[in-house]
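# Report on the structure
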Amino acid sequence: MRQTLMDTDTSPILQVQNLNLGFNMRQGMVNVLHGISFDLHRGKTTCVVGESGSGKSITARAILNMVPRPGTINSGQILFNPDGSGQINLTSLDPRGKPIRKIRGGRIGMIFQEPMSSLSPIHTIGNQITEVIQLHRNVDKKTARQMAIAALAQVEIPKPEKAVDRYAFEYSGGMRQRAMIAMALSCQPDVLIADEPTTALDVTTQAEILDLMKSLQRELDTAIMFITHDMGVVAEIADEVVVMEKGHVVEKGNIHQVYNAPQHVYTKKLLTAVKRLNQPASTKVRPCTQAQNILQIRDLSLRFEKKEGFFQRITDVTKAVDGVSFDLKEGESLGIVGESGSGKTTLGRCIARVYDPNSGVINYKGQDLMQANASALRETRKRMRMIFQDPFASLNPRMTVKQIIAEPLIINKLANLAELEEIVSTILSQVGLDPNMMERYPHAFSGGQRQRIVIARAIALKPELIIADEPTSALDVSIRTQVLDLLLQLQAEMGLSFIFISHDMAVIRYFCDRVAVMYRGQIVEIGETEQIITSPQHPYTKALLSSVPIPDPTLRGTRQRHRYEPDS
Amino acid sequence: MSIGLVGVVISLVLGVTLGGISGYFGGRVDAVIQRLIEFVLSLPTIPIWLALAASLPPSWPIYKQYFVITLIVSLVGWTELGRVVRGRFLAMKNDDFVVAARLDGASESRIIFRHMLPSLTSHIIASLTLAIPLMILAETGLSFLGFGLTPPAISWGVLLKEAQNIISISQAPWLFIPGGFVVLAVLSFNFLGDGMRDAADPYGH
């Protein structure tokens, strides 16, 4: 019955036609969307792909007629046709009026990127879902509550009768996103807009959420508009793809068509960036076989103790790093992979002695850093540098690029003021930045450029070892490969060793010689990267690998998902 | 006026140093300084000013008296800034760029003054320019009540004292004019503060 309905029902449920949107600034109208058009169909997933700033999220907001000030829709229409009887032009409705409010949440649901901030911290999950139901359905409180419990059960939240009375902070990140989906789907909307719903989640959780959305779509026959920048996710779930660049739709079409025969340069660029990340880098310099160990970690542990009460009694102990041991050779890159909370960042910071580990040995070229005093530590830190995850937080906004890069040189008295300018400009050109930009402040640079500045600061002291903590996870895919290539090139030039912390298996595969898989503070598996990827031994590694999206739509559904639930 | 500025500077130095130390080092130091701030905050300000001002020997020259009054005002007035600076330092000390500075081998004082304090510039400028009108108002208030400056010294508070009763205002409404100047001066300083804060903001341009 439904099948025949779907076959005959070819008219799109939502059409965006020639939409122009701009921000009315003091300098005049700044156009953000330049006449974009695309359709959403019932039961199909349309992925809107593009890098940050390409206008994906603002399109989603325009559909709900919730364009933030000073944005205005200048021309074009968004036609919503829920039951085939008549079209409603959403752009012509009053943004505060009753008709659009009936559609928002009722007929068109939305899921946001950050499950932490999109749920209210002061209401129970149940209250938030029942509110949506009562706003759009003519039901009493008791029925609404039953419906909320049913909605939570539908998104596979365990014990929904209990979970309905919990608060958002009692949920994990993945659970929150499930609750968000339950809320968006509670009124059985015709269209679901998902704005990067899995970007803030771990790969394993992402895989579960994607599976869930797929099965719910099959059940409810919803049209999904899925905004993402991850081509792997697109390959996993999309039926149709819309590629956006700088406010233009540069390409749209069927998923197989876009993946196998991309027309536009930009789509090709995005796809090559993803495909290159699916194999080891061709330019990688392997460490020589007789290389000495530069770093030996033995039984490193760090506990965080939660103290309570007047006597500071220890009430809870978290083992962030729990007896970790590994070796690192000169010129080698060791990847550390794991989900958030696995202790990988803490491990990196323990090695640099940002945190003080409780016990263990950090043997750096024969010197135990655990026993090192302040001045010895300062000496070592000249040769062991760090690259941080967020290029926005790791650069002081009040210092110019020149000051930032010169800072370690000045502190360690490695350069006098006269030479400084020259040294900084050499380093800047080494990382591929224009030396003329050294007087600017960090906010004048894009994310990728900022990460180059962070790298420049790290190599300024000519180090031997770099601890890179998720250096590419805040960057767009195409820039990601550029930064990785830069690191590879620097490694070849300077003979650097890397400890490369990441949650992204593709990036690790591209960059690292060996990889250590971390789970709850312990290394569960360590070995050659290719070997781990092709034949993982530990069940957690298997689960992790099976969750990584395959960037090839033809292979969709060929892989069996593993789940790892240790009994603890 | 210049004496008022001295008072503001004392408040600023006290607030930034104690707040900064409290936020950066944390732990026991933090606890001690915070209790000190709470103690100072719990003092009822106006009676204290009154008592202290009244206890000044009348034989002192008027400007010396005024200087001591501003000193008293500033010794009580640093706490708000101290709290804010502490909060910002607490939040900032685990920021990546501060960790990066530590890994660069920078000393603690260099981290505090070179890396962390500049982020507070705009806030400090704003609170500075807001503190000056507060000083003016405090002095005006004290003089108005008759405990600050007394004639023959001239200040807005002294002039306004003449306007204390209804009858004199109804007969000579111009006595109220100094009040207008107080408002004007205070507003101007606020606007100056806004402008300076925008100018110090690297994101603004």
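If you're wondering where the values come from, they're calculated on a predicted model, not measured in any experiment.

When its secondary structure is counted, chain A shows 21 helices and 20 strands. For 568 residues, the compact-globule estimate of 2.2 N^0.38 gives 24 Å, and the C-alpha radius of gyration of chain A, at 26 Å, lies within 12% of that figure. With respect to the principal axes defined by its C-alpha atoms, chain A has extents near 75 × 55 × 50 Å. Considering chain A as a whole, with its 568 residues, one finds that 46% of them fall into the buried category.

Residues and elements named next belong to chain A. With respect to the helices and strands, the residue G341 is situated in the loop between β13 (333-337) and α13 (344-351). A residue is classified by how many C-beta atoms lie within 10 Å of it, and G341, with 16 of them, is partly exposed. In the structure, G341 is positioned 177 residues away from M518 in sequence and 9.8 Å away in space, judged by C-alpha atoms.

Residue and element names in this part refer to chain A. Segmenting chain A into domains produces domain 1 (2-272) and domain 2 (294-306 + 317-530). The C-alpha-based centres of domain 1 and domain 2 are spaced at 37 Å. Contact with domain 1, which involves nine residues of that partner, is made by six residues of domain 2. Looking at the side of domain 1 that touches domain 2, the elements that each hand over two or more residues are α9 (203-220) and α12 (265-276). Of the residues belonging to the side of domain 1 that touches domain 2, the class tally is three nonpolar, three polar and three charged.

Here we take up the sheet that holds strand β9 (residues 240-245) of chain A. Whether parallel or antiparallel, the strands of a sheet pair through hydrogen bonds between backbone atoms. Residue and element names in this part refer to chain A. An order of β6-β7-β8-β3-β9-β10 is seen for the six strands of this open sheet, with the pairing classed as mixed. Only two strands of the sheet have a single neighbouring strand rather than two, namely β6 (108-111) and β10 (248-254). Taking each pair of neighbouring strands and ignoring which way they run, the sheet shows an average axis angle of 15 degrees. Those strands touched by helix α8 (residues 173-185) are β6 and β7 (191-195), and its axis lies near 170 degrees from that of β6.

Turning next to helix α2 (residues 27-42) of chain B. End to end, α2 of chain B covers 23 Å across 16 residues, agreeing with the expected 22 Å (1.5 Å per residue, within 8%). Burial of α2 of chain B is sparse: only one of the 16 residues sit out of reach of the surface.

Each partner contributes residues to the interface: chain A has 21 residues there, and chain B has 15 residues. Elements with a minimum of two residues in the side of chain A that touches chain B: α14 (374-383), β16 (384-387) and α15 (401-411) of chain A. The dominant element in the side of chain A that touches chain B, judged by the number of residues it contributes, is α15 of chain A, at three residues. Here the residues of the side of chain A that touches chain B are counted per class, giving 10 nonpolar, four polar and seven charged.

Residues and elements named next belong to chain A. Put simply, α8 and α9 touch, their axes get as near as 10 Å, and they point 15 degrees apart. Between α8 and α9, the interaxial angle falls into the category roughly parallel. As for how α8 packs across α9, the hand of that crossing is right-handed. The segment α8 lies against α9, with G173, G174, Q177, R178, I181 and L185 engaging T205, E208, I209, L212, M213, L216 and L220.

Calculation rules
- Residues numbered from 1 in each chain as written.
- Chains lettered and ligands numbered in written order.
- Predicted model: local features only at pLDDT ≥ 70, side-chain atom pairs only at ≥ 80, totals over all residues.
- Helix = DSSP H or I, 4+ residues; strand = E, 2+ residues; numbered from the N terminus.
- Rg over C-alpha atoms; globule rule 2.2 N^0.38 Å.
- Buried ≥ 20, exposed ≤ 12 C-beta atoms within 10 Å, placed from the backbone.
- Domains from an automatic or database assignment.
- Contact = placed C-beta atoms within 7 Å.
- Nonpolar A, V, L, I, M, F, W, Y, C, P; charged D, E, K, R; others polar.
- Pairing = 2+ DSSP bridges.
- Axes fitted to C-alpha atoms, helices over the stretch in contact; angles between N-to-C directions.
- Expected span 1.5 Å × (residues − 1).
- Parallel < 35°, antiparallel > 145°, perpendicular 65-115°, else oblique.
- Left-handed = near helix turned anticlockwise from the far one by under 90°.

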